[in-house]
Each structure stands twice: as C-alpha cells, then as structure tokens.
Amino acid sequence: MPSHKVAQEQAARLPQGAAIAIRGRTHADDDRSPLCAKYEAAEALQAAGLGNHHQVLLCGKFNHTEGRFPCPYSRGCGYHAQFNSTAPIRFYPHEWLTLDKVDRGAKRAADVAIVDENFAGAFEKGKRWTLESLAEAGGVFFDIGDAVRNGTLTQETHGAAILAALETAPTFTAGPGIHPEMTAQEAAQTIRRWAALPRVKSLPWDLLRAAAGALATGETKRLYAGELNGKTTVYFDGLKELTASAKSWLFLDAGLIPEQVNSVIPDTTVLSIQARRNAKVIQITDSALSLTRLKADNDHLMSRIAEFVERLKANGGRGAVIGPKDFMQAAIAAGHFAGCATGHFGALRGVNALEGADWMVQVGRNEPPAWAVERKARSWYGGNPDLELGTVNRKIGWLPHPDGGKVEAGAVTQFTDARCQSILESLREQESLQAIDRLRLVHAAKPKTVYLLSNLPLPGIRPDVLTTLDKLLLPGRLATVMLRDKAITGAKMMATRHPDLFETEKAAEHTLAGLQSPVSLYSCLLYTSPSPRDRTR
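For clarity, every value in this text was computed on a predicted model and none was experimentally measured.

On the surface, a nonpolar cluster with roughly 350 Å² of combined accessible area is contributed by Val112, Ile114, Leu250 and Leu252. Only β3 (110-116) and β7 (246-252) provide two or more residues apiece to the nonpolar patch. With respect to the element layout, Leu250 can be found in strand β7. Given the relative accessible area of 40%, Leu250 is considered partly exposed.

Attention now moves to the packing of aromatic side chains. The final tally for this structure, using the stated rule, is 13 aromatic pairs. Consider the rings of Trp249 and Phe251, whose centres lie 6.1 Å apart with planes at 15°: the pair is stacked. Here Phe308 and Tyr451 contribute two aromatic rings whose centre-to-centre distance is 5.2 Å and whose plane-to-plane angle is 85°, an arrangement assigned as edge-to-face. Of this pair, Phe308 sits in helix α12 (residues 301-315) while Tyr451 sits in strand β14 (residues 448-453), placing them 143 residues apart in sequence. Among the aromatic residues, ring-to-ring pairing joins Phe119, Phe123, Trp249, Phe251 and Trp380 into one connected group. Sitting over the face of the ring of Trp398, Lys406 holds its NZ or CZ atom 5.5 Å from the ring centroid.

Our focus in this paragraph is the environment of Leu256. Here Leu256 shows up in the loop between β7 and α10 (258-264). For Leu256 and Trp96, which are 160 residues apart along the polypeptide, the C-alpha to C-alpha distance reads 19 Å. In contact with Leu256, not counting residues within four places along its chain, are Phe119, Phe251, Val261 and Val270.

Remark: the empty space left among the atoms is shown by a probe the size of a water molecule rolled over them. Under the defined criterion, the tally for this structure stands at two cavities of 30 Å³ or more. Computed from the structure, the largest cavity encloses a volume of approximately 150 Å³. Ranked by residues supplied to the lining of the largest cavity, first place goes to helix α15 (residues 418-427) with three residues. Broken down by class, the residue content of the lining of the largest cavity amounts to six nonpolar, five polar and four charged. The computed volume of the second largest cavity comes to approximately 50 Å³. Tallied by class, residues from the lining of the second largest cavity come to three nonpolar, five polar and one charged.

So, about the packing of α12 against helix α18 (residues 476-485). Orientation of α12 relative to α18, taken along the N-to-C sense of each, is 50°, at an axis distance of 8 Å. Here α12 lies oblique to α18, going by the angle between them. Here α12 and α18 pass one another in a crossing that is left-handed. Residues Ser303, Arg304, Ala306, Glu307 and Glu310 of α12 form the contact with α18, whose participating residues are Gly476, Ala479, Thr480, Met482 and Leu483. Its residues placed into classes, the contact of α12 with α18 shows four nonpolar, three polar and three charged.

Overall, parallel pairing links the six strands, which are arranged β10-β9-β11-β14-β8-β15 in an open sheet. On the outer flanks of this sheet lie β10 (341-344) and β15 (465-467), each paired with one strand and no other. The average angle at which neighbouring strand axes cross in this sheet is 15°, direction not considered. Here four bridges tie strand β9 (residues 319-323) to β10, and the two strands are oriented parallel to one another. From the neighbouring strand, Ile322 faces β10, where its bridge partner is Gly343. Lying over the sheet, α12 contacts β9, β11 (359-363) and β14, oriented at roughly 175° with respect to β11.

Strand order across the open sheet formed by three strands is β4-β6-β5, with antiparallel pairing between neighbours. Of all the strands in the sheet, just β4 (124-130) and β5 (223-228) have a single pairing partner and so form its edges. Averaged over all pairs of adjacent strands, the angle between strand axes in this sheet comes to 35°, irrespective of strand direction. Relative to strand β6 (residues 231-239), β5 runs antiparallel, the two being bridged by six bridges. Residue Gly226 lies in a different strand from β6, and its bridge partner there is Thr233.

What follows is about unusual backbone geometry. With phi around 65°, Asp267 is a residue other than glycine that occupies positive phi space. Among the secondary structure elements, Asp267 is positioned in the loop between α10 and β8 (279-284).

Calculation criteria
Residues numbered from 1 in each chain as written. Predicted model: local features only at pLDDT ≥ 70, side-chain atom pairs only at ≥ 80, totals over all residues. Heavy atoms only, no water. Patch = residues over 30% accessible without salt bridge, like charges linked within 9 Å, V, L, I, M, F, W, Y side chains within 5 Å. Areas by Shrake-Rupley, 256 points an atom, 1.4 Å probe, with all protein chains shown as cover. Salt bridge = Lys/Arg side-chain N within 4 Å of Asp/Glu carboxyl O. Helix = DSSP H or I, 4+ residues; strand = E, 2+ residues; numbered from the N terminus. Buried < 20%, exposed > 50% of the residue type's maximum accessible area, 1.4 Å probe, protein only. Phe/Tyr/Trp six-rings, centres within 6.5 Å; stacked < 30°, edge-to-face > 60°. Lys NZ or Arg CZ within 6 Å of the ring centre and 35° of its normal. Contact = heavy atoms within 4.5 Å. 1 Å grid on protein atoms, 1.4 Å probe; cavity = no way out; pocket = protein on both sides within 12 Å on 5 of 7 lines; lining within 4 Å. Points joined across faces, edges and corners; volume = space filled by probe spheres on them. Nonpolar A, V, L, I, M, F, W, Y, C, P; charged D, E, K, R; others polar. Axes fitted to C-alpha atoms, helices over the stretch in contact; angles between N-to-C directions. Parallel < 35°, antiparallel > 145°, perpendicular 65-115°, else oblique. Left-handed = near helix turned anticlockwise from the far one by under 90°. Pairing = 2+ DSSP bridges.

Next up, the structure:
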C-alpha cells in the first residue's frame, strides 16, 4: 500500500481477524504507541543513517532454543509478534518491497502479492555530492566528479583507477557501540552520545561505487552534474532491488507505466480496465492555476477560492477540496475549508477519506519541475542509450467541448522523449485523476459534482461545462467581504465596514459592478432543471 495509513484503513475494512497492517518499529499514530520498546534508539539509528542495522543492533539473532531474541523486551515485543498473526491477509507499506532482507521480520511466503498504486517511488534511490566536497576529498574522488561534470567519464579512462581506489576502501566503520542486550534507555543514551561525538568526514566511497557500477553496465546516464543552491553538484539516480517475494504478483495502478513494472517483475501482462465515472464536471479553460500563482495570492485568490467553497457548502451536501500541499496547508491554517474533507497532491493514492463527499473542488494541478521528471527517468531508464534528456518544450492543450469539438486550454509542458513524457503524465494528469477518483465515482449511486480549477486536459474526462475562473469566482475584494460578513451590502456600507479593502465608496461601487457574472453562472451550476449543458449553449 502507498502508506501505513492506507494499509491500516484497508485492514480495518475487512472482517476482524481477516487482515493485519504490518507496522514499523517506530510507527505510531493518535491511538497507538510504537511497537518497539527501543523505538527511541531506532529513531536515533535512523537519523544517524544506520536504519538498516535495527535488527542486528536492537534485536539480535533469534535463539531457536530459547525461542527469543537477545533483546530484554523480546517476550512481549509487539513488532515481532505481528509477524505471528494468523490473519490470511497482510498489508505492508511500499517500503517493504525493497527492505533489507535481514530486517524484514519473520515473513511467511506469500501466494499472491497485490501492489496498490504508485509503487515506483519505493524503488527509486538517489545520492548527490557537491563538487566542492569532492575537491576536499581530492585524488580520484575529484577526478571522477570532474569527469561527470564534463561528460568525459569512461571505462577506458577511469575504470582501473576507480577499482584500484575501491580496493583500499574500509570494510568496517565504527558503530555506536550498542548491543541487543541493552535496555531501551541504555541504547538510546549510547546512540545519542555517539552521535554527538566529533566526526572525521568520511570519504565519498559511494560515488566511486556508483561510478564503477554505471561504467560496468553502461548506465552512465545515471551519473550527471547540475547546480543546486549555487553549487555544482554530482548526482546519481538508480533503483533499489526488489527483496519481497511471492508466487504471483498483481499491480493495481491507474497510472502504471508498463516499462517500469516489467523491469521489476519481467513479463508482466498489463490489462487496461475502463470504468465510467458517475460525475458532472465543470472545468475552467483560462488558467493552469499554478502553484506560483496560488502562492502569490494576487487579488485575494485564496479568499476567492475559499468563498466559492463556502457557497457550495451553503447549497448542501458534503464537500471535499484538493490542491497543492503548500496551498492547502496555508488555506487550512487560515481557517478555510472547515467541514470539508481535504487532501493534497502527492498524498492521495489509495485514500478513502473523501469517498463520502458529494462534490469536490480541485485547485490547480501537480506540475513537477522538468529536472524531477528526468531524475526519475534516469533511475528507470539510465541504461537506455536512446534516453533523451533536456527535451522539454511547450504545446497547446485542448479540452473537449461538451457539444463536440475542442477548446484551446493554454500551453502545457511536454517532453520529446516518450519515457520522460509518460513519467510526467503519471505525476501530473494521473494525480488530477487520482484526486477525482477519491470520490469513488464508479460506485456512486447518483452523479457527484467535480469543479476543476485548472485547464489541464485529463484523459477520459469530458467536461459538462467549460467556463473561466472569473466567471466562477467572485472578484477578490467581494469574496473577502463574503467570508467576513456572509453577505454583500451596498457600496457605502462596504466602504465603511472594510476600509482595508475599499478606500472610498466609489471604489466599492466599481467592485460591485463585476458581481453579476460569477453569481449568475454559479446558479447555473447547481444542477437544477434544465441540464447545465442546455443552459450554457
């Protein structure tokens, strides 16, 4: 499952005893404490970069004669006890797909492993080193970093030097000095004391290992240089190994990329199942409503969106609002969207909390930067010599018109390389579709209403109404007045009550002149007879 939370939600939906959601040592929520008595030590190890040593340092090796681990809390250990559950179904978060085998618990063999939604991120790994730090390390470390920067790294020129240097790499690094027999307090205190000690900066051996691997396989596109915070930085993007095992695999993912799943489980058969969404869709055509625009908040944009949500709430039904994380956090902190189910892009996969909503307002879209898309492409396709990078351009997008034909919807980012483009669409278009599908429209007994405040064309979505942002939302100052007073009065009273918005009565009159368009369109969108499509012709 995409997360611990979703795993727990799914387990709770099944009959008691049918399923269990497997938790990590440190995982806690509002109702439950961490399963491991040494969770503080586990967190400290994680912070020190030693999270893959939890089992060895905290639990120890299982003693089959005594039936326990050396840890003094072994007999009542909640973490290990969960693996003895007789529940036939176990839910794991995606991270378990690539977890080190030594720390995966007493796992039984699975007959069928079902992987739900957006598994790819669990396999991606990345490292980076500033060229400045490589210069400090000197020698072969800087030579390799400089070669990556200049695009001159080759097996012939650098392979032997890398392997010779790796022969001198230390095989053991002194650890924090803890052992499984320690109490929770002893282990935590020992790790904290160790972490506070002055450190001799270790040499970047991982760069050499990454370079050696890339050269040996020909996957040199995984190593590259760029700028980060004004510093030349060397990057490596690769994939973790699948460590989970099962007799059969089933991947459920609306945004699945066939090449990716086949690189994890070769010869996977990909089937596409079409389902009808029971929804009425209203979409704007004139703005992407980018995160930059949302953050700028010009003309009280946040208030305009919040007031629109308040109008929908007043009309009845349960509502939901989804948008970019930064915008949603700022809006909720400002007191907006109270009483609505909320969510943000990047944390929607598998979530069921919005399925009870009757309508949804989706704000903006998830638009990853080009470099983020290409990092993922390097991870998955770095071994493909024909992978094209740096091929970003803009193309005009078109929205299907309710009465047939198409309507121009502004320019959208596009990659020339089809693999980069598929990754972009899995993060952008598919995230908007995921937001819509949180309403569980396939199972809806009656149509639910979706307001798309972005002009991004979405595959499989034909809007019932196309409009513009200004026709849907109140003017900025009037929206703020509505949020404060719950009513719009005459110009004189507005100027008196809200001098921060209207310096004069004339300014209030001028603002009131723009009121009719959004109000009349809003009344059209309530879906009373006749149909909205007839009304907009």
